[in-house]
Amino acid sequence: MAKTYIIQKGDTLARIARARLGDATLAETLADYNGLPDGQQIFVGQQILLPSNKDRHAAVKTRAKTQPRAGAVWLTAPHGFQAVRDTFGDILRYIRDDGSIDPKWEAERMLKAALPFSIPLAWDTSKSVSSIRCHKLIAPLIEEVFRQIVAQGLQSTIKTYGGGYVFRPKRGAVKPSTHSWGIAIDLNPNTNAMGTTGDMDPRLVALFEGFGFVWGGRWAGRNKDPMHFQYCSGY
Ligand SMILES: [Zn+2]
């Protein structure tokens, strides 16, 4: 449950975040949670909501939809475990002894990339997503990939969404899934189970690969994962 807080004289969001949430770097989370645009002033007497730990975990910022930039240069997909850590942050420092993740990992690194169309959830098709939770460094890229999906008329090849950023507690895991870095997306999981050939549209695969994503459908044998696209290789 969120608690309310009345802004006092001399307060800043960073100060409130430090005093009430225990971490000044959560000022941005606090702003997002209260729908305050970047740089918006707070005033004495204003009531804001302090998210609970649980709320905060869910309160990941949604990127404002950006226009495609001509000649945009995207971050190069890193190769190998060490390069992934160097590029996207060292998740191992955020994994606690019990295998759970420090909420700071998500608060500091993840964003929601806004989608140009909504996608039904694979596990409950009565609901759909209009954004993908992913690492903030690839959020603009994911938005561009989905713009191209629309531009190339491939929207109908995406039937369901299977997940983006997901952290699954795993005691003693030394190599977390690429989903825990927010650099992997699962699409159409119902017809693209692990170890199967699946039915991913080759045009969709080509589009993702054109942007530097690696498609799990190219992996061999039991590792074959045709629902899975990730923004790194050798991992
Ligand atoms: Zn996956």
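Per chain, residues are indexed from 1 in the order of the written sequence. Owing to the predicted nature of the model, reporting of local features is limited to residues with pLDDT of at least 70; listing and counting of side-chain atom pairs is limited to 80 or more, with chain, interface and lining totals taken over all residues. The side-chain numbers reported here are obtained from all heavy atoms of the structure, hydrogens and water having been left aside.

**Overview of the packing of helix 6 (residues 139-151) against helix 7 (residues 202-210)**
Move 1: In this description, a line fitted to the C-alpha atoms serves as the axis of each element, helices being fitted only across the stretch in contact, and the angle between N-to-C directions of two axes falls anywhere from 0 to 180 degrees. Segments assigned H or I by DSSP are reported as helices when at least four residues long, segments assigned E as strands when at least two residues long, and all are numbered from the N terminus. Orientation of helix 6 relative to helix 7, taken along the N-to-C sense of each, is 145°, at an axis distance of 10 Å. Note that helix 6 runs across helix 7; the crossing there is right-handed. Seen from helix 6, the contacting residues are Val-145, Phe-146, Gln-148 and Ile-149; seen from helix 7, they are Leu-204, Leu-207 and Phe-208.
Move 2: Gly falls in the polar group here, along with every residue not listed as nonpolar (Ala, Val, Leu, Ile, Met, Phe, Trp, Tyr, Cys, Pro) or charged (Asp, Glu, Lys, Arg). Partitioning the contact of helix 6 with helix 7 into residue classes produces 6 nonpolar, 1 polar and no charged. Helix crossings are classified by the rotation of the near helix relative to the far one: an anticlockwise turn of less than a right angle makes the crossing left-handed, while a clockwise turn makes it right-handed. Contacts are residue-level and defined by heavy atoms, with any inter-residue pair within 4.5 Å sufficient.

**Some points on the packing of aromatic side chains**
Move 1: Aromatic pairs are defined between Phe, Tyr and Trp rings, using the six-membered ring for Trp, whenever the two ring centres lie within 6.5 Å; interplanar angles under 30 degrees are classed as stacked, those over 60 as edge-to-face, and all others as tilted. Counted by the stated rule, this structure contains 8 aromatic pairs.
Move 2: With 4.9 Å between their ring centres and 55° between their planes, Phe-213 and Tyr-231 make a pair best called tilted. Of this pair, Phe-213 sits in the loop between helix 7 and strand 7 (214-215) while Tyr-231 sits in the segment after strand 8 (228-230), placing them 18 residues apart in sequence. Exposure class is identical for Phe-213 and Tyr-231. Each is buried.
Move 3: Taken together, Phe-117, Phe-146, Phe-208, Phe-213, Phe-229 and Tyr-231 form an aromatic cluster joined through their ring pairs. Each residue gets one of three labels from its accessible area relative to the maximum for its type: buried under 20%, exposed over 50%, partly exposed in between, using a 1.4 Å probe on protein chains only.

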